[in-house]
Amino acid sequence: MRIGIYGSSFDPITYSHLFTAATVARRKRLDKVIFVPCSSLRHDKKMQTEDVHRLRMLQMALDTCTHKKNRFGDPLFEISTVEMEALPGETYTYDTMVHLRKKYPNDELFFIMGSDLLIGMSNWGSAEKLVSEFQFIVMSREGYPSADLIADDPLLRNNDEHFLIMSKGINMGISSTYIRDEIRKGGDPSFLLPDVCLQYIYEHGIYRG
């Protein structure tokens, strides 16, 4: 199988996340997309709500997508909590990919990322091993030309065969930040995320403060 690994904070998950996963799967012939919510223990990114809430909303969102099947008739989407369960200092992307490679030893793994993440990628933890051992699907972002960014970085350009570039971006412009701001300001973010997730946010008073 061809498996895409889609890591994010999903704080909260949006229709943009779901659209991205489905579109990448179709265009790159993926048989499965594994959503990997990052841990609140990360030092480089502050979560806006607890892991338990982000995970529950992700589960509810994917429950609305059970009609999405792969060529084998199995669900296209699933979740891995490997990063949420990791100890501090064990949440590098490389560690995640190694864990999933052990779980799926006979399959092709592709880390799904936006082209903006190419900047500074060579400074990620275990970057040399990550880039040389794994494959990446890079979604173009406006202002971040994938080919140029790869060519400008010695580590990336010497492993450029590992990068599959989606030349046309698929960003819908719906961000978790925008949804959180709408909720804080009393706005209505309906139609930007699944109704069950929005109802969960209201019931638990998430993103109000």
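Think of each chain on its own: its residues are numbered from 1, step by step along the sequence as written. With pLDDT at 70 or above as the cut-off, local features in this predicted model cover only qualifying residues; side-chain atom pairs require 80 or more to be listed or tallied, and sums for whole chains, interfaces and linings still use all residues. Excluding hydrogens and water, the side-chain values take into account all heavy atoms of the structure.

- The protein appears in an unreviewed UniProt entry as Probable nicotinate-nucleotide adenylyltransferase from Brevibacillus brevis.
- Per UniProt, the protein carries the Catalytic activity (unreviewed entry) text "nicotinate beta-D-ribonucleotide + ATP + H(+) = deamido-NAD(+) + diphosphate".
- UniProt positions are given in the numbering used here, feature names are shortened, and annotations may be inferred rather than shown by experiment. Turning to the protein, the UniProt annotation filed under Pathway (unreviewed entry) states: "Cofactor biosynthesis; NAD(+) biosynthesis; deamido-NAD(+) from nicotinate D-ribonucleotide: step 1/1."

Comments concerning the packing of helix α2 (residues 51-63) against helix α8 (residues 195-204)
In step 1: Here an axis means a line fitted to C-alpha atoms, over the contact stretch when the element is a helix, while the angle between two N-to-C directions is reported on a 0 to 180 degree scale. Numbering of helices and strands starts at the N terminus; helices are DSSP runs of H or I of at least 4 residues and strands are runs of E of at least 2. Interaxial distance between α2 and α8 falls to 9 Å at its minimum, and their mutual angle equals 150°. With respect to each other, α2 and α8 are oriented roughly antiparallel. The handedness of the crossing between α2 and α8 is right-handed. Together, Val52, His53, Arg56, Met57, Met60 and Ala61 of α2 and Val196, Cys197, Tyr200, Ile201 and His204 of α8 make up the contact between the two elements.
In step 2: Residues are grouped as follows: Ala, Val, Leu, Ile, Met, Phe, Trp, Tyr, Cys and Pro are nonpolar; Asp, Glu, Lys and Arg are charged; all remaining types, including Gly, are polar. Class assignment for the residues of the contact of α2 with α8 results in eight nonpolar, two polar and one charged. Roughly parallel covers angles under 35 degrees, roughly antiparallel covers those over 145, roughly perpendicular covers 65 to 115, and oblique covers all other angles. Note: crossing handedness is left-handed where the near helix turns anticlockwise from the far helix by less than a right angle, and right-handed where it turns clockwise. Should any heavy atoms of two residues lie within 4.5 Å, those residues are counted as being in contact.

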